[in-house]
Amino acid sequence: MAASLVPACGRTGRLVLSTRSLLGCRVLSSGPGESLTGALLQDKLRNQQKEASSEDPQADPESEEQQKKQKENKARAKKFLLRTAGIFGVLGSGYIVYTFGSSSVDEEGNKIPDEFDNDPPVIQHFRRTYKYFKDYRQMIIEPTSPKLLPDPLKEPYYQPPYTLVLEMKNVLLHPEWSLETGWRFKKRAGIDNLFQQLAPFYEIVIFTAETGMTAFPLIDSMDPHGFVSYRLFRDATRYTEGHHVKDISCLNRDPARVVIVDCNREAFKLQPYNGLAIKKWDGNSEDRALYDLTAFLKTIAVSGVGDVRTVLENYSLEEDPIEAFKRRQTQLEQEEQQRLAEMSQLSKRQTLSLGSITGRFWPRSKQE
């Protein structure tokens, strides 16, 4: 191998080879410029090794030490934060137990006795705190009162025979938002007609999952004539499984004469046959669903239905009960017209047959 390289080196017999990774080929140099070329090649090799070591952190022991230090600093910072959070958590919990676990006092600052006075001081605070948060949770989940409405009116005052519970949002009003006006509520067509037509038959109650601060002024603007008898808000609902449910048993009214109208079936899932789930209103101005709803509810009241659940049960599985009612009403009208036509034809036949019988007993000559 060496003998084959000597002729290519020239007279000096000195051979300078570069690495294949740097130049990709064998370089031969001779003569006075040989030392300069070798120096250049060595500088390039050193630069390449430095670049490779900078790309590979494991090859540089200094970079490994820096990474270890960074990891240690991060671990220390995490431990410090966890310890700080733990300390603040303990202090905050102690403050909460001390604040809510202290005995109640009257206006003069005297301690009000309770069932926890005989316990050790620390236990007293814990038990009072637990009771406070338990009552607060019950206040959120349970309705504010077992009787949400007052007792029905007695004579000589007039008490409508039925109670109509209406949701406000997406049934009577639709929220809309724009950059110019912000949040606004659009009034659905047919609200005034519904109130006027049903007020003699139904005690109208607005029962919404919205807060009173939001809903109260909206009801005032929606019902300027005062057809709405009572207003119930979110705090009157029963919160269960992520839904604000309207419990009929808390209304202080006969469930057989209560109708709930909502766009969400979960709102009356405790009494599913008292509810009518109509389609959610999207703000369309051409919508006429409230007119059809008025006709449906008025039909129930005029018919004197003893238990509305027997009627509403037939519509409980309908996707759009109002359309189902219109379809059945049209079918009944057609059947009634057909029955009247058949009766008319039967009457004509009976008249003809009676004439023929009379003609037999009374010949024409005698009649003349």
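Residues numbered from 1 in each chain as written. Predicted model: local features only at pLDDT ≥ 70, side-chain atom pairs only at ≥ 80, totals over all residues. Heavy atoms only, no water.

(A) Structural view of the UniProt feature "transmembrane region" (unreviewed entry) in the protein. Under the UniProt annotation, the feature "transmembrane region" (unreviewed entry) is placed at residues 80–101. In residues 80–101, the share of helix is 95% and the share of strand is 0%. The end C-alpha atoms are 31 Å apart. (UniProt positions renumbered as here; feature names shortened; annotations may be inferred. Helix = DSSP H or I, 4+ residues; strand = E, 2+ residues; numbered from the N terminus.)

(B) Seen up close, the pattern of salt bridges. Evaluated as defined, the whole model comprises 17 salt bridges. In this structure, the salt-bridge partner of Lys269 is Glu241, at a minimum N-O distance of 3.2 Å. Taken as a pair, Lys269 in the loop between strand 8 (258–262) and strand 9 (275–277) and Glu241 in the loop between strand 6 (238–240) and strand 7 (243–245) lie far apart in primary sequence, 28 residues in all. Through salt bridges that share partners, Glu167, Lys246 and Asp262 make up one connected network. (Salt bridge = Lys/Arg side-chain N within 4 Å of Asp/Glu carboxyl O.)

(C) Structural context of the packing of aromatic side chains. Inspection of the entire model under this criterion finds five aromatic pairs. A ring pair is formed by Phe195 and Phe227, whose centres lie 6.4 Å apart and whose planes are at 35°; its orientation type is tilted. With Phe195 in helix 6 (residues 191–198) and Phe227 in the loop between helix 7 (212–222) and strand 5 (230–232), this residue pair connects regions lying 32 residues apart in the sequence. Phe227 sits in the partly exposed class, given a relative accessible area of 26%. The interplanar angle of 45° and the centroid separation of 6.1 Å between the aromatic rings of Phe216 and Phe233 together place this pair among those described as tilted. Of this pair, Phe216 sits in helix 7 while Phe233 sits in the loop between strand 5 and strand 6, placing them 17 residues apart in sequence. On the basis of relative accessible area, Phe216 is assigned to the partly exposed category, the value being 40%. When the ring centre of Phe216 is taken as origin, the NZ or CZ atom of Arg231, which lies over that ring, is 4.4 Å away. Sitting over the ring of Tyr315, Arg328 keeps its end group 4.4 Å from the ring centre. (Phe/Tyr/Trp six-rings, centres within 6.5 Å; stacked < 30°, edge-to-face > 60°. Buried < 20%, exposed > 50% of the residue type's maximum accessible area, 1.4 Å probe, protein only. Lys NZ or Arg CZ within 6 Å of the ring centre and 35° of its normal.)

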